[in-house]
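Okay, here's what each chain looks like letter by letter:
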Amino acid sequence: QVQLEESGGGLVQPGGSLRLSCIASGRTFSRYALGWFRQAPGKERDFVAAIVWTGTNTNYADSVEGRFTISIDNAKNTVFLRMNDLIPEDTAVYYCALKAGTMLSSRDSTYGYWGRGTQVTVSS
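Fair warning: this is a prediction, and the values are worked out from it, not measured in the lab.

It is worth spelling out the state of the cysteines at this point. On inspection of all chains with the given rule, the structure shows one disulfide. Across a sulfur-sulfur distance of 2.2 Å, Cys22 and Cys96 are joined as a disulfide pair. Note on the Cys22 and Cys96 pair: the S-S dihedral is about -80 degrees, so by sign convention the disulfide is left-handed. Taken together, the positions of Cys22 in strand 3 (residues 18–26) and Cys96 in strand 9 (residues 92–100) put the pair 74 residues apart, joining distant regions of the chain.

Laid out in structure tokens, this is it:
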């Protein structure tokens, strides 16, 4: 089993920044990808960013590319999401997810393990 726990969400003004963290524990995978997804009230869950275990390959949604940065500390089993230049449309619950294997994916159906999420609210 794998447990994922997000933290770092909160309230921020437009133009501000937040850094989300996700710690993975339990079963160890030699090859994996970690992703961030988000879901606003009344909307579907959307892909945000993903990274492979080596940190050498990343993928971003068009809506966040250039503003968000995903990174990984493999030794600490932790993935981060640095969010800059936040806008009200970024308001959502942000989820961390893990998939086994070597390939990046933007589809939530390919991820087998999920955290509970952390709330990010960008005030107006």
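It is worth spelling out the pattern of salt bridges at this point. Applying the stated criterion across every chain yields a total of three salt bridges. Taking the shortest distance from any N to any O, the salt bridge between Asp108 and Arg45 comes out at 3.3 Å. Here Asp108, found in the loop between strand 9 and strand 10 (113–114), pairs with Arg45, found in strand 5 (residues 45–52); they are 63 residues apart in sequence, far enough to count as distant. Taking the shortest distance from any N to any O, the salt bridge between Arg67 and Asp90 comes out at 2.8 Å. Here Asp90 lies in the loop between strand 8 (78–83) and strand 9 and Arg67 lies in the loop between strand 6 (58–60) and strand 7 (68–73), a separation of 23 residues in the sequence. You can call Arg67 buried: its relative accessible area is 14%. Under the relative-accessibility criterion, Asp90 is labelled buried at 1%. Through salt bridges that share partners, Arg38, Arg67 and Asp90 make up one connected network.

The rules behind each value
- Numbers given to residues run from 1 along each chain, matching the order in which its sequence is written.
- Local features in a predicted model are, by the rule used here, given only for residues with pLDDT of at least 70; side-chain atom pairs are given and counted only at 80 or more, and totals for whole chains, interfaces and linings are based on all residues.
- Side-chain metrics rest on all non-hydrogen atoms present in the structure, leaving aside hydrogens and water.
- Cysteine sulfurs are considered disulfide-paired once they come within 2.5 Å of each other.
- Helix and strand assignments come from DSSP, with helices taken as H or I runs of at least 4 residues and strands as E runs of at least 2, each series counted from the N terminus.
- Note on definitions: salt bridges are taken to be side-chain nitrogens of Lys or Arg within 4 Å of carboxyl oxygens of Asp or Glu.
- A 1.4 Å probe rolled over the protein chains alone gives each residue an accessible area, and that area as a share of the maximum for its type sets the label: buried under 20%, exposed over 50%, partly exposed in between.

By themselves, these are just geometric observations and shouldn't be taken as functional.
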